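Inside the fold
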Amino acid sequence: MEQLSVEVLKSAVKGAAAAFRCRRRLLPAGGPGEKVFPPTFAGAVYAIEQRRIPGRDGPVTCVLLDSVQSQANRMELALQEAVDAGRIRIPLVVVDFTEYDPTGDLEADERAGRLIDRVGKITSLQVPHRLADATLRYSELDGVPFRKSDKGKALNTVSPTNATPLFELCPTALLFGMWDSTGPKGGLGAKFERAMVSEIVGVGVEVGDLRRGVRRDPLGTSRDVTVIPSEDRTEFRVAEGRNRGVRPSKLGLASVPFPKQTDQKTRENYYDGVTIEYAEQTTTLSLICLRRLRFPLNGQPPQDEVDVAARTVLAALGLCAATLAFEAGADLRSRCLLWPDGPTVWELLARPGAEPERFSLTGETAIALLKEAVRQAKEKGLPWPDEPVVLKPSEELVKLARLSQIEAAKKTGETGETA
């Protein structure tokens, strides 16, 4: 099978081709019939629906195993790992929290206003709203609030016909979508649709029984012997006299059955996994969506050859993100490890009614494709900075994060379920 080349990619972007797509069939890593665990949504429910499946007479019961949003995050994570490993360089905005990293001395950290838990560096590949995310908005560039800096102000004028500032700062926002709805312009903020869409669905689903279990305590600790924990929960003493204390299960001691309600579904007790016939992952990259983007340079009207070069970079970046995510594997969450039953094949939907053109693509080839597309784009004058824009979190953002961590540290559960 032919390897996808930058010439084919550029021709597809420039011409009338509609999309690249990849359809993969996956099975549980434990083999057919092994339980898998879908994500749960509001009300602790699985996303189950009827879908039409080719070759079936009627609708088939299916369950969502990984949403479009989650798949986008996994592709961004794959890009981030490639950046960290030095395999690729793409424009990034980074918020650096490292000067607030905890040292382990709780009292000294409190006096210095350091965080309870390390945050480190957060990039525009890791925040949910990409360049429009509040974490970036409430950070500073050279002492100036990011959205009031020259680079941040550019977000107020971006649009599909002026996508160059996003291409320079956060090109993944042009692939995976972005809406600057909480920025200075509110609902009128810049909005970009997704060009890259991926989803994993379990086909022919049977829902399991309700969750049941117990955590066995090897000490045989009794629930009737109460304890009084220290404030930081590193020590405790047994309650005596009139000191009532709390049950030892609050500290993770004693045997605990879970959940409390086992005969009907509640918010704390949901179904215990599903079995499926198979899972299918569908990934599409819309070239039509990319063609709506224009890339003017230096205040001049857009030029076709510059637009094609920028769109080719975005297409290469999308294929690179998906291919690297494929190669990272489909370990979606605890007890939901899937394995493809065949090689990965990309199809190009070039002409209506014609058989799709088929291509193979490895991670290394996808990276080479991206680098060549970037090289050609730079020759056209398009900006593609190799070094990230580094922001510092505002004092109030650090304070908010620290106090939120303190609140989170106060919470504990009585459930004895283990990971």
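Computed from a predicted structure; not experimentally measured.

1. A closer look at the overall build of the chain
A count of helices and strands for the chain gives 11 helices and 22 strands. Looking at the chain residue by residue over its 419 residues, the buried ones come to 44%. Considering only intrachain contacts with a sequence separation of at least 6, the fraction spanning at least 24 residues in the chain is 74%. In the structure as shown, the chain presents an accessible area of about 22,200 Å², 50% of it carried by carbon and sulfur atoms. Charge-centre separation for the chain: the mean point of 57 positive side chains lies 4 Å from the mean point of 57 negative side chains.

2. Brief notes about the nonpolar core
Counting residues in each nonpolar core, the largest one holds 86 residues, and the members touching the most others are Phe20, Leu131, Leu285, Leu287 and Phe295. No other element matches helix H9 (residues 304–328), which puts 15 residues into this core. Each residue touching phenylalanine 295, except ones within four places of it in the same chain, is listed here: Ala163, Thr164, Phe167, Leu174, Pro302, Val306, Asp307, Ala310, Arg311, Leu314 and Leu382. Residues Leu65, Ile200, Leu332 and Leu338 belong to the second largest nonpolar core, which totals 14 residues.

3. Considering a nonpolar patch on the surface
On the surface, a nonpolar cluster with roughly 230 Å² of combined accessible area is contributed by Ile48, Val207 and Tyr271. Relative to the helices and strands, isoleucine 48 is located in strand E2 (residues 48–51).

4. Section: the pairing of strand E1 (residues 19–28)
Consecutive residues of a regular strand have side chains that alternate between opposite faces of the sheet. Relative to strand E17 (residues 278–286), E1 runs antiparallel, the two being bridged by 8 bridges. Of the residues in E17, the one forming a bridge with arginine 23 is threonine 282. Inspection of the sheet shows E1 paired to strand E20 (residues 346–349) by 3 bridges, in the antiparallel sense. Across the sheet, the residue bridging to alanine 19 is leucine 349, located in E20. Where E1 and strand E19 (residues 337–340) come together, 3 bridges link them in antiparallel fashion. Note that in E19 the partner of leucine 26 across the bridge is proline 340.

5. Quick look at H9
Between its first and last C-alpha atoms H9 spans 36 Å; for 25 residues at 1.5 Å apiece the expected length is 36 Å, and the two agree. Within H9, 21 of the 25 residues are buried, which leaves the element mostly enclosed by the surrounding structure. Two residues or fewer after H9 comes glycine 329, characterised by a positive phi angle close to 95°.

6. Description of the packing of aromatic side chains
Scanning the entire structure with this criterion turns up 3 aromatic pairs. Seen from their ring centres, phenylalanine 167 and phenylalanine 295 are 5.6 Å apart, and the 70° between their planes marks the pair as edge-to-face. Within this pair, whereas phenylalanine 167 is found in helix H6 (residues 164–169), its partner phenylalanine 295 is found in the loop between helix H8 (287–291) and H9, the two being separated by 128 residues in sequence. Each of the two residues, phenylalanine 167 as well as phenylalanine 295, counts as buried.

7. Some points on the confidence of the model for the chain
Note: predicted coordinates in regions of low pLDDT should not be interpreted at a detailed level. Chain-level statistics for the chain give a pLDDT mean of 92 and a share of 95% at 70 or above. The low-confidence segment residues 414–419, where pLDDT is below 50, has 12 contacts with residues more than four positions distant or belonging to other chains.

8. Topic: the sheet that holds strand E4 (residues 93–96)
Picture the strands of a sheet paired through backbone hydrogen bonds; they go either parallel or antiparallel. Taken together, the 5 strands give an open sheet; going across it, the order is E5-E4-E22-E6-E7, and neighbouring strands pair in mixed fashion. At either margin of the open sheet sits one strand with a lone partner, and together these are strand E5 (121–123) and strand E7 (144–145). Where E4 meets strand E22 (residues 389–393), 3 bridges bridge the pair, whose relative direction is parallel. By the bridge assignment for E22, valine 95 is matched with leucine 391.

9. Some points on the pairing of E22
By the alternation rule, side chains of E22 split into Val389, Leu391 and Pro393, which are all buried, and Val390 and Lys392, of which none is buried. Of the pairings in the sheet, the one linking strand E6 (residues 139–141) to E22 comprises 2 bridges and is antiparallel in character. Within E22, the residue paired with glutamate 140 across the bridge is lysine 392.

10. Some words on the packing of helix H2 (residues 68–84) against H9
Packing of H2 against H9 leaves a shortest axis separation of 8 Å and a crossing angle of 90°. Relative to H9, the element H2 is oriented roughly perpendicular. Seen from H2, the contacting residues are Arg74, Met75, Ala78, Leu79 and Ala82; seen from H9, they are Leu317, Cys320, Ala321, Ala322, Leu324 and Ala325. When the residues that make up the contact of H2 with H9 are grouped by side-chain class, the tally is 10 nonpolar, no polar and 1 charged.

11. Overview of the pattern of salt bridges
A side chain with one charge may pair with a side chain of the opposite charge, provided their charged atoms come close. Enumeration according to the criterion identifies 25 salt bridges in this entry. Residue glutamate 347 is joined to arginine 21 by a salt bridge in which the shortest nitrogen-to-oxygen separation is 2.7 Å. Taken as a pair, glutamate 347 in strand E20 and arginine 21 in strand E1 lie far apart in primary sequence, 326 residues in all. Here arginine 375 and glutamate 379 are joined by a salt bridge, their closest N and O atoms 2.7 Å apart. You can see arginine 375 and its partner glutamate 379 sitting in helix H10 (residues 363–379), 4 residues apart, about one turn around the helix. Here the salt bridges do not stand alone but share partners, grouping Arg294, Asp304, Asp307 and Arg311 into one network.

What counts and how
- Residues numbered from 1 in each chain as written.
- Predicted model: local features only at pLDDT ≥ 70, side-chain atom pairs only at ≥ 80, totals over all residues.
- Heavy atoms only, no water.
- Helix = DSSP H or I, 4+ residues; strand = E, 2+ residues; numbered from the N terminus.
- Buried < 20%, exposed > 50% of the residue type's maximum accessible area, 1.4 Å probe, protein only.
- Contact = heavy atoms within 4.5 Å.
- Areas by Shrake-Rupley, 256 points an atom, 1.4 Å probe, with all protein chains shown as cover.
- Lys, Arg positive; Asp, Glu negative; His and termini not counted.
- Charge placed at Lys NZ, Arg CZ, Asp CG, Glu CD.
- Core = buried A, V, L, I, M, F, W, Y, C linked by side-chain atoms within 4.5 Å.
- Patch = residues over 30% accessible without salt bridge, like charges linked within 9 Å, V, L, I, M, F, W, Y side chains within 5 Å.
- Salt bridge = Lys/Arg side-chain N within 4 Å of Asp/Glu carboxyl O.
- Pairing = 2+ DSSP bridges.
- Expected span 1.5 Å × (residues − 1).
- Phe/Tyr/Trp six-rings, centres within 6.5 Å; stacked < 30°, edge-to-face > 60°.
- pLDDT = per-residue confidence, 0-100.
- Axes fitted to C-alpha atoms, helices over the stretch in contact; angles between N-to-C directions.
- Parallel < 35°, antiparallel > 145°, perpendicular 65-115°, else oblique.
- Nonpolar A, V, L, I, M, F, W, Y, C, P; charged D, E, K, R; others polar.

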